[in-house]
Amino acid sequence: HNAAPRMLEGDLLRGRQRYQEAAAAYTGAIADMRDAKRSNWVVFYSRGIAYERSHRWDKAEADFKHALKLAPDQPAVLNYLGYSWTEMGQHLAEARAMIQKAAESRPNDGAITDSLGWVMLRQGQTADAVSTLERAVELEPEDSTINGHLGDAYWAAGRTLAAAYQ
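Just so we're clear, the structure is a prediction, and the values are computed from it rather than from any experiment.

Caption draft 1: Structural detail: the packing of helix 4 (residues 57-70) against helix 5 (residues 75-88). Look at helix 4 against helix 5: their axes get within 9 Å of each other, and the N-to-C directions meet at 145°. The element helix 4 and its partner helix 5 pack so that their crossing is left-handed. On helix 5, the residues touching W57, E61, F64, K65, A67 and L68 of helix 4 are V77, L78, Y80, L81, S84, W85 and M88. Looking at side-chain class alone, the contact of helix 4 with helix 5 contains 10 nonpolar, 1 polar and 2 charged residues.

Caption draft 2: Up close: the nonpolar core. Ranked by size, the top nonpolar core spans 50 residues in total, and within it W41, Y45, F64, V77 and L81 carry the most contacts. Excluding residues that lie within four positions of it along the chain, F64 makes contacts with Y45, G48, I49, W57, V77, Y80 and L81.

Caption draft 3: Region of the structure containing helix 3 (residues 41-53). Look at helix 3: 18 Å from first C-alpha to last across 13 residues, which is about the 18 Å you get at 1.5 Å a residue. In terms of burial, helix 3 is a largely internal element, 10 of the 13 residues being buried. W41, V43, F44, Y45, S46, R47, G48, I49, A50 and Y51 are the residues of helix 3 that are buried. On its buried side, helix 3 packs onto helix 1 (4-15), helix 2 (19-32), helix 4 and helix 5. Count one or two residues on from helix 3 and you reach H55, which has phi positive near 60°.

Caption draft 4: Summary view of the layout of surface pockets. In this structure, the largest pocket occupies an estimated 430 Å³ of space. In terms of lining residues, the largest pocket is bounded by 21 residues, among which R53, N79, Y80, Y83 and S115 are the most central. Mapped by element, the contributors of at least two residues to the lining of the largest pocket are helix 3, helix 5, helix 7 (110-122) and helix 9 (144-156). Top element by residues in the lining of the largest pocket is helix 5. It accounts for 7 residues. Of the residues contributing to the lining of the largest pocket, the split by class is 9 nonpolar, 5 polar and 7 charged.

The rules behind the values
- Residues numbered from 1 in each chain as written.
- Predicted model: local features only at pLDDT ≥ 70, side-chain atom pairs only at ≥ 80, totals over all residues.
- Heavy atoms only, no water.
- Axes fitted to C-alpha atoms, helices over the stretch in contact; angles between N-to-C directions.
- Helix = DSSP H or I, 4+ residues; strand = E, 2+ residues; numbered from the N terminus.
- Left-handed = near helix turned anticlockwise from the far one by under 90°.
- Contact = heavy atoms within 4.5 Å.
- Nonpolar A, V, L, I, M, F, W, Y, C, P; charged D, E, K, R; others polar.
- Core = buried A, V, L, I, M, F, W, Y, C linked by side-chain atoms within 4.5 Å.
- Buried < 20%, exposed > 50% of the residue type's maximum accessible area, 1.4 Å probe, protein only.
- Expected span 1.5 Å × (residues − 1).
- 1 Å grid on protein atoms, 1.4 Å probe; cavity = no way out; pocket = protein on both sides within 12 Å on 5 of 7 lines; lining within 4 Å.
- Points joined across faces, edges and corners; volume = space filled by probe spheres on them.

Nothing here speaks to function; it is geometry throughout.
What follows is the structure in structure tokens.
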């Protein structure tokens, strides 16, 4: 069997924000695979995103973990799972280690640098968070989420004027 057509269908549906249908297409792609190998991490990652966006975190988390079993060093998966845990206030030490690993392999990725600064802030490491988030904004100056995180870090550092500006 060839999983590619259903994978493409899932990608198209996810691009249209039809997340439940995308998850079903990815499930079909997984069913079409003979056996999951390292290169198949992307199907589980993609389905995990579709599940996360359709508010089915238990299934999303399981897919992200499975993707990491197949490809333990994949920065996109490390970052997505680590950031999600950070947003939920769960597993912060593990999230930090995962995001740090992703950042080491992609040091100029603004989204990953943002995730690292965000988990630092959630762990109460305000000074480190500020400098890391300032770097993330340098990498992605137009990203409103990253700018918002920097504003939160400035606020936590007592830099209220800078926070208001950010």
